[in-house]
Structures are given as C-alpha cells and as structure tokens.
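Residue-level structural notes
As a plain string of letters, each chain reads:
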Amino acid sequence: MVSDYWPSLYWDSAFAIAVALLSVYPNTDPELVGLEELATMVVQLPGFADDPELANDRLLKDIIITWYEERETV
C-alpha cells in the first residue's frame, strides 16, 4: 500500500528503502533485480533525498538483501 506520507530516504537507510520498495514494487522479485536497476528504482522512490552518485555496491547489496528478507516475512 502506497502512503501519502514518505519519510526522507537516504542510501544508508536500507530498511526504510526496503519497505518503500515493497510498497512501490510489490510484485517485483528482488532476486531478479540487478544493482544498476536497483539504484535507479531507489532514486525514483518517493521521499528519496540523497545524492544518487553516492550509491555503491555495498549499499545496494545491503538494500537488496534487506528487501529480500522483508519480502519473505510479508
């Protein structure tokens, strides 16, 4: 469910980004998303407030792992 309120999202907020990804892309399998595609998806999330250039593999892998784990608990 997409909310009218979106907190500010930053690259180091893997959990908040994962929750937002679950809301915006509920039918997307994180296992099928590449890191470059993930970076684009995150930057396009409502509330994203960080510098897109700060994305790196470590941050993106943390986000995708958290997204996968949270998707499995829903």
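Because the structure is predicted, anything quoted here is derived from the model rather than measured.

Cut-offs applied
- Residues numbered from 1 in each chain as written.
- Predicted model: local features only at pLDDT ≥ 70, side-chain atom pairs only at ≥ 80, totals over all residues.
- Heavy atoms only, no water.
- Helix = DSSP H or I, 4+ residues; strand = E, 2+ residues; numbered from the N terminus.
- Expected span 1.5 Å × (residues − 1).
- Buried < 20%, exposed > 50% of the residue type's maximum accessible area, 1.4 Å probe, protein only.
- Arc of directions from axis to C-beta.
- Polar contact = N/O pair within 3.5 Å; in protein donor to acceptor, adjacent residues only side chain to side chain.
- Phe/Tyr/Trp six-rings, centres within 6.5 Å; stacked < 30°, edge-to-face > 60°.

So, on to helix α3 (residues 57–73). Over its 17 residues, α3 runs 24 Å from end to end, which matches the ideal 24 Å to within 8%, given 1.5 Å per residue. Buried within α3 are the following residues: Leu 59, Leu 60, Ile 63, Ile 64, Thr 66 and Trp 67. Viewed end-on, α3 has its buried residues packed into an arc of 165°, placing them on one side of the element. Within α3, the exposed residues directed more than 90 degrees away from the buried face are Arg 58 and Thr 73. Two or three places before Arg 58, at the start of α3, stands the capping residue Asn 56, its side-chain oxygen 3.1 Å from that residue's backbone nitrogen.

Turning next to the packing of aromatic side chains. In total, this model carries one aromatic pair according to the counting rule given. Measuring from ring centre to ring centre gives 5.0 Å for Trp 11 and Phe 48, while their planes differ by 70°; the resulting arrangement is edge-to-face. Of the two residues, Trp 11 sits in the segment before α1 (14–24) while Phe 48 sits in the loop between α2 (35–43) and α3, which places them 37 residues apart along the sequence. Since its relative accessible area comes to 2%, Trp 11 is described here as buried.

Geometric descriptors of this kind do not, in isolation, establish any biological role.
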